[in-house]
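# Summary of the model geometry
Each chain is listed here by its residues.
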Amino acid sequence: MTEAPVLPILLMGIANFLQIYLIILLIRVLLSWFPNVNWYSPPFSFLSQLTDPYLNIFRGLIPPIGGLDFSPIIAFFLLQFLVQLLAGFSSSATFF
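Only a predicted model underlies this, so the values are computations on that prediction, with no experimental measurement involved.

### With respect to the environment of S91
- Mapped onto the elements of the fold, S91 is located in helix α3 (residues 71-92).
- Among the residues examined, S91 registers a relative accessible area of 52% and is labelled exposed.
- Spatially, the C-alpha atoms of S91 and L7 are 9.9 Å apart, while their sequence positions differ by 84 residues.

The structure is reproduced here in structure tokens:
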């Protein structure tokens, strides 16, 4: 019985985690379109606590323009780029 290389499994695990985080981030952004969502109530506060630290990085770089926050777009692109990068590394790291 051969053991699977650890590095590709680890990289795919991180890529899968980031995919799940992308879905959570998408839910957060879609819910922000509804003004009556109370971000202090239990299900929404958890979402806010989970995603706001990551989004705040980009909010500091890109200020809202005309009341529209474009920072989630950059956040999505960067996260998707990291997922693709890790998935590519995990498929090419089979020789370790």
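### Quick word on the side chain of S71
- Within the fold, S71 resides in helix α3.
- Overall, the relative accessible area of 0% leaves S71 in the buried class.
- Once residues lying within four places of it in the same chain are set aside, the contact partners of S71 are L55, F58, R59 and I62.

### Thoughts on the environment of M12
- If you trace the backbone, M12 turns up in helix α1 (residues 6-31).
- According to the relative accessible area criterion, M12 is partly exposed, its value standing at 33%.
- Sequence separation between M12 and L86 is 74 residues, and the spatial gap between their C-alpha atoms is 6.8 Å.
- Excluding its chain neighbours within four sequence positions, the residues that come into contact with M12 are A87 and S90.

### Digging into a nonpolar patch on the surface
- On the surface, I65, L68, F70, I73, I74 and F77 cluster together to form a nonpolar patch covering roughly 580 Å² of accessible area.
- Assignment of secondary structure puts I65 in the loop between α2 (42-61) and α3.
- I65 sits in the exposed class, given a relative accessible area of 53%.

### Regarding the packing of aromatic side chains
- Applying the stated criterion across every chain yields a total of three aromatic pairs.
- Judged by centre distance (5.9 Å) and plane angle (80°), the rings of Y21 and Y54 are edge-to-face. Residue Y21 is found in helix α1, and its partner Y54 is found in helix α2; the two are separated by 33 residues along the sequence. Grouping residues by exposure puts Y21 and Y54 together as buried.
- Ring plane angle 75° and centroid distance 5.1 Å describe the contact between Y54 and F58, whose orientation is recorded as edge-to-face. A residue pair is termed a helical-turn pair when its members lie 3 or 4 positions apart in one helix, as Y54 and F58 do in helix α2 at four residues.
- The class for Y54 is buried, based on a relative accessible area of 14%.

Quick notes on the rules
Residues numbered from 1 in each chain as written. Predicted model: local features only at pLDDT ≥ 70, side-chain atom pairs only at ≥ 80, totals over all residues. Heavy atoms only, no water. Helix = DSSP H or I, 4+ residues; strand = E, 2+ residues; numbered from the N terminus. Buried < 20%, exposed > 50% of the residue type's maximum accessible area, 1.4 Å probe, protein only. Contact = heavy atoms within 4.5 Å. Patch = residues over 30% accessible without salt bridge, like charges linked within 9 Å, V, L, I, M, F, W, Y side chains within 5 Å. Areas by Shrake-Rupley, 256 points an atom, 1.4 Å probe, with all protein chains shown as cover. Salt bridge = Lys/Arg side-chain N within 4 Å of Asp/Glu carboxyl O. Phe/Tyr/Trp six-rings, centres within 6.5 Å; stacked < 30°, edge-to-face > 60°.

Scope: geometric values only; no functional claims are made or implied.
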